[in-house]
Structure formats: C-alpha cells, structure tokens
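Tertiary structure, described
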Amino acid sequence: DYATAVFQAFREVEITVREAAGLGPTEIGVPLMRKAFDKARGPLADSSLPDGERDAMAHLFAGAIGLFKNPLSHREAPITDPVEAVELVLFASHLLRIVTRQRHARG
C-alpha cells in the first residue's frame, strides 16, 4: 500500500522533529515545522546557515508535511505509482537525516 508507506514515512518525520525540538504533543503539522525550524528561535535551525537558507529549511519541512503527510491524514489520497512512493519515502528519509544532524549539533 503505497499511500500508507508514504504517510508512515512523513509521520515519522513529524514525530522525530517534535522530539528533537523538545516540543509538546500538541505541536503538529505545518506549525510544528515552522516552530522547530524558525530561523531566529527554532531549536532545529542551523545557525551556521544564512538567514535565507534557514528560512528555506523551515519552508522545506513545512511544505513536505503539508503536501505529503496532511492529505493522506485527512482524506483519500491514493498513490498508485511505485516509483513516486519510493521517491517520497527516500525524501522523508533525507529529512530525517537533516533532523538527526541538527539534533547532534545541539548536543
């Protein structure tokens, strides 16, 4: 079931971001990503990056959750192409790698 695999991958991104940022269980979805990666105060923001790139990181995570997890959470949104499913799972995996790197950078 491709849609379930993609949903689970992006749900894991959401859970991992929440835990890595030290945010509570009521923080969810796009607002969670914006808070976790906020360029000025986000616990997962990479302060070594220029402002524009920190903004882009917040947009990347918010967009990924908004586009690839939320539709599968709230309505029937079938994924029928196995290549697309694999690409999305790999994208989620890359996002998890970024979170892991930022978690370790924080100490």
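Residues numbered from 1 in each chain as written. Predicted model: local features only at pLDDT ≥ 70, side-chain atom pairs only at ≥ 80, totals over all residues. Heavy atoms only, no water.

**Examining the overall build of the protein chain**
- Tallying secondary structure elements over the protein chain gives 4 helices and 0 strands in all.
- In the protein chain, the succession of helices and strands from N to C terminus is α-α-α-α.
- Radius of gyration (C-alpha) of the protein chain: 14 Å, near the 13 Å computed for a compact globule of 107 residues.
- Viewed in the frame of its principal axes, the protein chain has a C-alpha envelope of about 40 × 25 × 25 Å.
- Considering the protein chain as a whole, with its 107 residues, one finds that 36% of them fall into the buried category. (Helix = DSSP H or I, 4+ residues; strand = E, 2+ residues; numbered from the N terminus. Rg over C-alpha atoms; globule rule 2.2 N^0.38 Å. Buried < 20%, exposed > 50% of the residue type's maximum accessible area, 1.4 Å probe, protein only.)

**Examining the pattern of salt bridges**
- Applying the stated criterion across every chain yields a total of 5 salt bridges.
- Residue lysine 35 is joined to glutamate 27 by a salt bridge in which the shortest nitrogen-to-oxygen separation is 2.8 Å.
- Given the relative accessible area of 18%, glutamate 27 is considered buried.
- Across the pair lysine 39 and aspartate 55 runs a salt bridge whose closest N-O atoms are separated by 3.4 Å. Here aspartate 55 lies in helix H3 (residues 51–74) and lysine 39 lies in the loop between helix H2 (29–36) and H3, a separation of 16 residues in the sequence.
- Take lysine 39: its relative accessible area is 33%, and that puts it in the partly exposed class. (Salt bridge = Lys/Arg side-chain N within 4 Å of Asp/Glu carboxyl O.)

**Section: the environment of glutamate 19**
- Here glutamate 19 lies in helix H1 (residues 2–21).
- Taking relative accessible area as the criterion, glutamate 19 reaches 56% and is therefore assigned exposed.

Coordinates in, geometry out; function isn't part of it.
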